[in-house]
Structures are given as structure tokens and as C-alpha cells.
Amino acid sequence: MFLNSEFKTSLKKNLQLSNLIPQLLLILFFFFIIYFFANNAQLNMKARNMSSGFDFLGTNSGFDIQFSLIDYDGSSSYGRAYLVGLLNTLLVAFFGIFFATILGFIIGVSRLSSNWIINRLSLIYVELFRNLPLILQIFFWYFTVLRSLPSTEKSLIIFNFLIINLQGFYIPKFIFTNSHYIFYGIVFSLLTIFLIKYYANKMFYEHAKVIPVLKISLFLIVVFPVIFSLIGGVTINVEYPKLVKNFGIFNYLGGVKLIPEFLALVFALSLYTSAFIAENVRAGILAVNKGQKEAAKSLGFNNSQSLNLIVIPQALRVIIPPTTNQYLNLTKNSSLAAAIGYPDLTGAFAGTALSQTGKAIEIIFIVMMTYLTISLLISLILNWYNKKIALVER
Amino acid sequence: MNKENIKSWLKVNLFSNWYNSIISLFVLFVILSIIPSFIDWAIIKATFIGKTKADCKSGGACWVFIGVWFEKFIYGFYPDKELWRVNLAFIILILTVISAFFVKPKIKPYILFFLIFIFPLIGFILIHGGFGLENVETRVWGGLSLTFMLTFFGIIFAFPLGVLLALGKRSELPVIKYFCIAFVEFWRGIPLITVLFAAAIMFPLLLPANTNVDKLLRVAIGMGIFESAYVAEVIRGGLQSLPKGQYEAAKSLGMSYWKMNFLIILPQAIKTVLPGLTNTFIALFKDTPLIILVGLLELLGMVNLAKSNSYWLGMAVEGYIFVGIIFWFFSYLLSRYTQSLEKKFSTERH
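Residues numbered from 1 in each chain as written. Chains lettered and ligands numbered in written order. Predicted model: local features only at pLDDT ≥ 70, side-chain atom pairs only at ≥ 80, totals over all residues. Heavy atoms only, no water.

Chemist: Sorry if this is basic, but what is going on with the overall build of chain B here?
Modeler: Along its length, chain B carries 14 helices and zero strands. Secondary structure elements of chain B, listed N to C terminal, follow the sequence α-α-α-α-α-α-α-α-α-α-α-α-α-α. Summarising its shape, the C-alpha atoms of chain B cover approximately 75 × 65 × 40 Å along the three principal directions. Once local pairs closer than 6 in sequence are excluded, the contacts in chain B between residues at least 24 apart make up 67%. Counting every atom, chain B has about 19200 Å² of accessible surface; 69% of that belongs to carbon and sulfur. One finds the centroid of the 31 positive side-chain charges in chain B at a distance of 7 Å from the centroid of its 19 negative side-chain charges. (Helix = DSSP H or I, 4+ residues; strand = E, 2+ residues; numbered from the N terminus. Contact = heavy atoms within 4.5 Å. Areas by Shrake-Rupley, 256 points an atom, 1.4 Å probe, with all protein chains shown as cover. Lys, Arg positive; Asp, Glu negative; His and termini not counted. Charge placed at Lys NZ, Arg CZ, Asp CG, Glu CD.)

Chemist: Sorry if this is basic, but what is going on with the overall build of chain A here?
Modeler: For chain A, the count of helices and strands is 12 helices and eight strands. Relative to the compact-globule value of 21 Å for 394 residues, chain A shows a C-alpha radius of gyration of 27 Å, a clear excess of over 25%. Residues classed as buried in chain A amount to 39% of the 394 residues present. A separation of at least 24 residues holds for 65% of the contacts in chain A among residues at least 6 apart in sequence. (Rg over C-alpha atoms; globule rule 2.2 N^0.38 Å. Buried < 20%, exposed > 50% of the residue type's maximum accessible area, 1.4 Å probe, protein only.)

Chemist: Help me out: how do you make sense of the packing of helix H11 (residues 345-357) of chain A against helix H12 (residues 360-389) of chain A in this one?
Modeler: The geometry of a pair of packed helices is captured by two quantities: the angle between their axes and the separation between those axes. Residue and element names in this part refer to chain A. Closest axis-to-axis distance for the H11/H12 pair is 9 Å, and the angle between their directions is 170°. Here H11 is positioned roughly antiparallel relative to H12, judged by the angle of their axes. At the point where H11 passes H12, the crossing takes the right-handed sense. Residues Leu345, Thr346, Phe349, Ala350, Ala353, Leu354 and Thr357 of H11 touch H12, and the partners they reach there are Ala360, Ile363, Ile364, Ile366, Val367, Thr370 and Tyr371. When its residues are assigned to classes, the contact of H11 with H12 shows 11 nonpolar, three polar and no charged. (Axes fitted to C-alpha atoms, helices over the stretch in contact; angles between N-to-C directions. Parallel < 35°, antiparallel > 145°, perpendicular 65-115°, else oblique. Left-handed = near helix turned anticlockwise from the far one by under 90°. Nonpolar A, V, L, I, M, F, W, Y, C, P; charged D, E, K, R; others polar.)

Chemist: In this structure, what is going on with the nonpolar core? I would like to understand it.
Modeler: Nonpolar side chains in soluble globular proteins tend to be buried together. Within the largest apolar cluster, 165 residues are counted, with the highest numbers of intra-cluster contacts made by A:Phe262, A:Tyr342, B:Phe73, B:Trp141, B:Leu239 and B:Leu299. Counting residues per element, this core draws most heavily on helix H8 (residues 260-287) of chain A, which supplies 13 residues. In this view, B:Leu239 contacts B:Ala166, B:Leu167, B:Arg170, B:Tyr247, B:Ile265, B:Leu266 and B:Ala269; residues no more than four positions away in its chain are not counted. (Core = buried A, V, L, I, M, F, W, Y, C linked by side-chain atoms within 4.5 Å.)

Chemist: Even after reading the chapter, I still don't get the packing of helix H3 (residues 78-110) of chain A against helix H10 (residues 303-333) of chain A, so can you show me in this structure?
Modeler: All names here are of chain A. At their nearest, the axes of H3 and H10 sit 10 Å apart, and the two run at 140° to each other. As far as their axial angle goes, H10 and H3 are oblique. Judged by the twist between their axes, the crossing of H3 over H10 is right-handed. Here H3 contributes Ala93, Gly96, Ile97, Ala100, Thr101 and Phe105 to the contact with H10, which in turn contributes Ile319, Tyr327, Leu330 and Thr331.

Chemist: Can you help me understand the interface of chain B and chain A in this one?
Modeler: The figure often quoted for interface size is the accessible area lost as the parts come together. Each side of the interface is counted separately: chain B has 56 residues, and chain A has 52 residues. When the two sides are added together, the surface that chain B and chain A hide from each other amounts to roughly 4700 Å², 75% of it contributed by carbon and sulfur. Broken down residue by residue, the surface that chain B buries against chain A is led by B:Leu205, B:Leu206 and B:Lys286, which jointly contribute 14%. In this assembly, chain B and chain A are joined by zero salt bridges. Broken down by secondary-structure element, the contributors of at least two residues to the side of chain B that touches chain A are helix H1 (3-13), helix H2 (18-44), helix H7 (174-189), helix H8 (192-202), helix H13 (299-307) and helix H14 (316-345) of chain B. The leading source of residues in the side of chain B that touches chain A is H14(B), at 11 residues. (Buried area = accessible area lost by both parts, 1.4 Å probe. Salt bridge = Lys/Arg side-chain N within 4 Å of Asp/Glu carboxyl O.)

Chemist: Got a minute to help me understand unusual backbone geometry in this structure?
Modeler: Most peptide bonds are trans, and most residues other than glycine sit at a negative phi. In this model, A:Ala208 sits at a positive phi of 55°, which is unusual for a non-glycine residue. Following the sequence through the fold, A:Ala208 ends up in the loop between helix H6 (180-207) and helix H7 (213-232).

Chemist: Got a minute to help me understand the pattern of salt bridges in this structure?
Modeler: Between side chains of opposite charge, pairing is possible as soon as their charged atoms come close. In the structure shown here, the tally under the stated rule is 10 salt bridges over all chains. A:Glu279 is the partner of A:Arg282 in a salt bridge, and the nearest nitrogen-oxygen pair spans 3.4 Å. Remark: A:Glu279 and A:Arg282 occur in helix H8; sequence separation between them is three residues, near one turn of the helix. For A:Glu279, a relative accessible area of 16% puts it in the buried group. The shortest N-O distance in the salt bridge between B:Glu233 and B:Lys169 comes to 2.5 Å.

Chemist: Where do I start with the sheet that holds strand S1 (residues 156-158) of chain A in this structure?
Modeler: Either a parallel or an antiparallel arrangement is found when strands of a sheet pair, and the pairing is made through backbone hydrogen bonds. Residues and elements named next belong to chain A. Strand order in this open sheet of four strands is S1-S2-S3-S8, and the pairing throughout is antiparallel. A single partner strand is all that each edge strand has here, and the edge strands are S1 and strand S8 (256-258). The sheet shows a mean angle of 20° between the axes of neighbouring strands, taken without regard to direction. The pairing of S1 with strand S2 (residues 162-165) spans three bridges and is antiparallel. By the bridge assignment for S2, Leu156 is matched with Ile164. (Pairing = 2+ DSSP bridges.)

Chemist: When you look at H8(A) in this model, what are you seeing that I'm missing?
Modeler: Since the α-helix turns once every 3.6 residues, residues separated by three or four places project in the same direction. Residue and element names in this part refer to chain A. If you check H8, its first and last C-alpha atoms are 40 Å apart, about what 28 residues at 1.5 Å a residue would give, namely 40 Å. The largest bend along H8 reaches roughly 25° and is located at Ser274. A large share of H8 lies buried, amounting to 21 of its 28 residues. (Expected span 1.5 Å × (residues − 1). Bend = angle between axes of the 7 residues up to and from the residue.)

Chemist: I keep staring at helix H5 (residues 134-145) of chain A and nothing clicks. Help me out?
Modeler: Helix length check: H5(A), at 12 residues, gives a terminal C-alpha distance of 15 Å against a target of 16 Å (1.5 Å per residue), a fit within 8%. Looking only at H5(A), the buried set comprises A:Leu134, A:Ile135, A:Leu136, A:Gln137, A:Ile138, A:Phe139, A:Trp141, A:Tyr142 and A:Thr144.

Chemist: In this structure, what is going on with the side chain of B:Glu298? I would like to understand it.
Modeler: Residue and element names in this part refer to chain B. Position of Glu298 among the secondary structure elements: in the loop between helix H12 (274-287) and H13. Despite its burial, Glu298 pairs with no opposite charge; the closest candidate is Lys307, at 13 Å N-O. Here the side chain of Glu298 touches Leu300 through a polar contact of 3.0 Å, landing on its backbone nitrogen. Glu298 has contacts with Gly142, Gly143, Leu146, Thr147, Thr288, Pro289, Ile291 and Phe327, leaving out every residue within four places of it along the chain. (Polar contact = N/O pair within 3.5 Å; in protein donor to acceptor, adjacent residues only side chain to side chain.)

Chemist: Can you walk me through the packing of aromatic side chains in this structure?
Modeler: We describe a pair of aromatic rings using the distance from one ring centre to the other and the angle between the two ring planes. Residue and element names in this part refer to chain B. Across all of its chains, the model carries 49 aromatic pairs over all chains by this definition. Considering the side-chain rings of Phe38 and Trp41, the 6.0 Å spacing of their centres and the 40° angle between planes classify their relative orientation as tilted. Of this pair, Phe38 and Trp41 both sit in helix H2, three residues apart, roughly one helical turn. Here the aromatic rings of Phe183 and Trp187 are separated by 6.0 Å at their centres, their planes lie at 50°, and the arrangement is tilted. (Phe/Tyr/Trp six-rings, centres within 6.5 Å; stacked < 30°, edge-to-face > 60°.)

Chemist: So what exactly am I meant to see when it comes to the environment of B:Ile31 here?
Modeler: Its place among the elements puts B:Ile31 in helix H2. You can call B:Ile31 partly exposed: its relative accessible area is 24%. C-alpha separation for the pair B:Ile31 and B:Thr338, spaced 307 residues apart in sequence, amounts to 31 Å. The residues contacting B:Ile31, other than those within four sequence positions of it, are A:Ile117, A:Leu121 and B:Pro36.

Dropping the structure here:
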């Protein structure tokens, strides 16, 4: 009844002339702009004898991409070039987020350290990295640090595991057979963890018993994949990069090659973003009221219990939303790849493919929509999370 | 500080227990091994005076590079004999901003009006030409002055648009509300680079064939719209923080929608989110070098160009340190200013 009357009044309000006119004007204006642009685009295309549409995605691209997670060469289609770019963007974002999180948490905790020198150094770190333009940091890593590495013959070799030279970083490649069994193991352990978590919650709320879910989960997520791979007969072959001389030029072949463009991007993105995450972590820890710790103590919680059950859950509530935003920023910032020629979505697709086909409208539309989809997905997850953890006040 | 004090300070702050002591000593060791060699390179062994790369023989930093290219780094390819026009525009800007700190609060709105509506015109005529001044095409603009121009333009473009979008997002009229929400979410969801590409490459295709909008203007407007979405989000935060009573009080005085917002709501909302706004503008300032991707050369772009000059190869480190110091200085200054504002406007008791 209440809802109904509210709906009626809002409907009435909207039908008032003074409210109707601006809305109609906005709609008209919006469609006029769309029509204006579309009409001009069509005329311009006709004048230049260009076709429009997305057919070009199926045609041969004719250009090569030097860094790709999937098979790709000049005879592949533009659609596949898009896929290569998207995967490269996600790859950089994944590693950037991984390192930024670790660094950010370490620096954020160090900001609150009682050790004066650690405290000051982490402050300098934060102020340095977040006040410098990201593109400058990328250029710095790419054009100065990575360019001053030794040549192939004089490579730095660290424990035969990491080979560093001007061409990039080389690490051994692990080749699995029957690798799907590992995947089954992970799925199985996740299911078990889910059940244990459910059981632990029940025990906690009904019998006030604490089950160390985290420790059990960490144990299971290692053990089950191992058992499954033993059953399935998974074998691991390690392929080490080897120094080969071809036509008088030394080169490393085999293994996994991480190109300098990729490294510069990951370094710069993770250092830049970690400075922002560190501030979030610091704010989160500071936000937990001192009384909370004291209350935990007076209830007889020991140090790790009070940290695990009282402080960290409350700090994470403050830390996670802005940190997710930083992940989103990192993903969008990875588009700066285009500045140093890393073939990501922007570099390979909006750069090379665009200049080859001249399909500016279509390609920029696709790239924008891709980033928009990623952003909206992450903010949907964030909203869902925020609702879930929002304090229920009585 | 006497000896006892120093001792107790060291004990509390560096050597409170065994692992803190180990960490402190290790970090001190690392610092002491890096900093002297850096100072040696950057100052002691460095060359400051000279005309060519050959003057740098000492093995340290070659600051000659910065000295020789300094004018290009600041003004781009702006013609030498017209440089006074750029200088004059910036002097007017700086004097206006400084005077804002010293005049009575009553006059401040006029200064703001001047900065937003009159100064851009004066600046544009001075730098671009007209009224008897020789025309200087935008493609020779560049360097640090272009960085500042873009930042300034971005701010005065994004701010009013952001305010309107923020109001629109809270509008009772569904079409306006959802249009503003979609608009803001769209611009916040895409990276700035795609906006720059769109402005530089795609936008001309959407205009009638014979029109020719300057590339720099297209890029600047693109950046302005992009930034306005972020401004809108910040101001929306301020609007949300205002108690309902403010709206009700304004309405009960018979104020219209616009009067209520511009006289009662926005002044309070903007005051509370001033720190967030400056942060947005710092981000805009740090984002300006991205225009290098569409072939416009502000400070970082000019340095990149200079370091690939065949007479000056191998000067990348010096160049980037120079750019870094300038960007860092202005960003840090603004963020400190923001923090002081935060303290000034904070109503919490400490």
C-alpha cells in the first residue's frame, strides 16, 4: 500500500510538465548526437571508400606479435590478435596485482612499525612511488634499468634458475603430462574446504568451538593435487633455457622468455600500485579501535586469536574495497603497455591492428567495451562484497 | 639533545629487541652503501657546465643535457621570440593564485570567476595568438608549459561538468539520473589511453568532412570529460555526507532547486570533499604525459625526444630524473596542501 502510493506520487511528479521537458530534451539531445555522429561517420567512410562493420575480425592480420600465450602468427585473424592482446593484458594485470598486493601489505605494515628506520623508509617509498607519473616509471624501467643489463654472452645466471640479460629474463619451463589431474585435485580440495568451512561455522556458532580452517585449507590445497597427480601419473619435465650460437650470434633457446616490455610493465605497475595499497593497509589497521584488542584480551583471547578473530577481520573490511579499486586501476593502467610496445589489448589491437586496417571506430569501440566489461564485473563483485560485509547496526 | 637522550632514543626506535636490531643494522648498511655512490654520481663527479655531450668526461651525471635542452623541455618548439607570451600568461596565473591567499574572503569569488572565465581567454589569446599577436600553431606547443596548460584546462573543464553530473546522479528525474549514472560509469570504466586514441584518431571521423578541430583541443576535451567523471564521484560523496535537514531547511525557505544547490548544498559538500578533489587533480596532472601516445610532446615527451637525439644518446637517466623531480615536487606539494586542508576543515576533535 505504502509502496503503491509512493509510486503514484513519483509517477505524478514525472508527468508534471516542468519535470517532463528537461527529460525529453535530454533524450532528444542524446539521440541527435548519436544520429549526427553516425551520419557523419557513414558519409566519411563513403568518401574514403572504406567499408564499415566487424567483418575484418575474420580476415588475416598479416602481422606478427612477439609475445603471445596462444599460437599466433601472421596468418591468424584479427579476432585472434584481439584474443592475444586480451590475454596479454590479463597476464600483466595478474602478475601486477600479485606483486602489488604482497609489496603493499609489507610496506603498509612497515608504515606502522616501531622501528624508526623501517617506518621512515616505507614512508619515503610510498611518497616516492605514488607521486611519480606511472608512465615515467615504466619508461625508467624499460629505457634505463632493463637496457643496462648485460648482453647475452655475459648473462647473469642465478642458481641456473633465472637468467638475466638484455633480451629479458629466462626461466625454466615446466612441462606437465596429464595435467588435468592437478586441476581435478584443486577442484576437489576446494569442495572439501567449502564443506569444512560450513562445518566450522556451525561448530563456532552452536558449540563455540574454533576449528583452524585456514591451516586445514592450506594443507588440503597442497595434499589433494599431489595425491591426484600421483594417481593420474602426472610427470613434470623441466626444460632449461640453453645458450645456442647461431650465425655467430648467441641466443638462449627453450624455457620461458619474459620480454623486457613485460618486465618493465610488471615492475612499474606493481611498485606504483603497491604504494596506494600500502596506504589502504595502514588505514585499515589504524581503523581498528584499540578497545577491540583490549576487549579481546579481557575475554581471555590470546594474541593470535585476537589478531585472527578480532583485528584482521575488521581491518580487512576497511582494506578490501579501496584495494579492489586499486586492482581495477592497475588493470586499466596496464593499457600504458602501448607506450613501450608490449602487445596488450591497447598495444597490439588498438595500436597495430588499427593502423593496419584503419577501422578506428570499430576497434576503439571493441577495446573500450572490453575494458568497460572488466571494470563493471569487478565493481559488481565489489558491490556484492560490500553488501555482504556491511556492518549490521541495531 | 644530550648523550642520554640519544641513547634512549636509539634504544626505543632502532634497537628495541634483537630482530629489530638486525633489521636496523641491515637497512643502515644498505643505505650507506647506496647513497654515497649515488651522490658521487649525481653531484661530485657530475658535469654541470658545457655545451655538448663531449664536455661530460668525468663519468658522473651529465647535467649539461638538461641545461642545453632546458628551453625545449619547458616550452617545446614554441618560437624563441614569442616566449614572453607564454611567460606572461603563467605570471598572470601565478600572481592571481597568490593574491587569492591574501585578499578578503569577500573578493575570493571574483578571483575564482576571473580564473574560470576570463583568464582562460587571456591565456589562450596570449599563447595561441590573435588581436595583433602572431598565430602560434598548437603543434609547436610542448614541454612543461603544455603539461600545466592541459592540467589547468582539465580542471576548469572537469569541475563544472563534474558538479552537474553529481547533481544529476541524485536527481529525482529518472531519465536524467540514469543518464548521468551511465555516463559516469562509462568514463570511469575505460582507461585514459583509449580516450586519447578516440579523440585523436576516431573523433575526426565522426565530424562533418570539412570541419577541422585542433588535435590538442580534442585531446584536452577528452581528458576533461574523462576527469569530470571522477570529479562527479568525489562530489557525490560530499553530497551524500550532508544531513537531510539541509535540503529540508532550504526547501522550507522556498528556495528553488538551483538556488538550494548552489547556495546551500554545494558549498558545504565541496568543502568536505576538497581533499578528494585535489587528489583527482593531482591524478590529472600525473596523467598528462600520456598524450605522448598520440604524438603530443609535453615534458616527458620532450625528454624522450631529446634522449633519442643522436648527439645525446645515453642521457635517459638524467632526463628521467629531471622529469621525476618536477612531477614529484608538484604532486607532493599539492598532496601536502591537501592534508593541511583536511586538518583545517576537519570538525572532529582530537
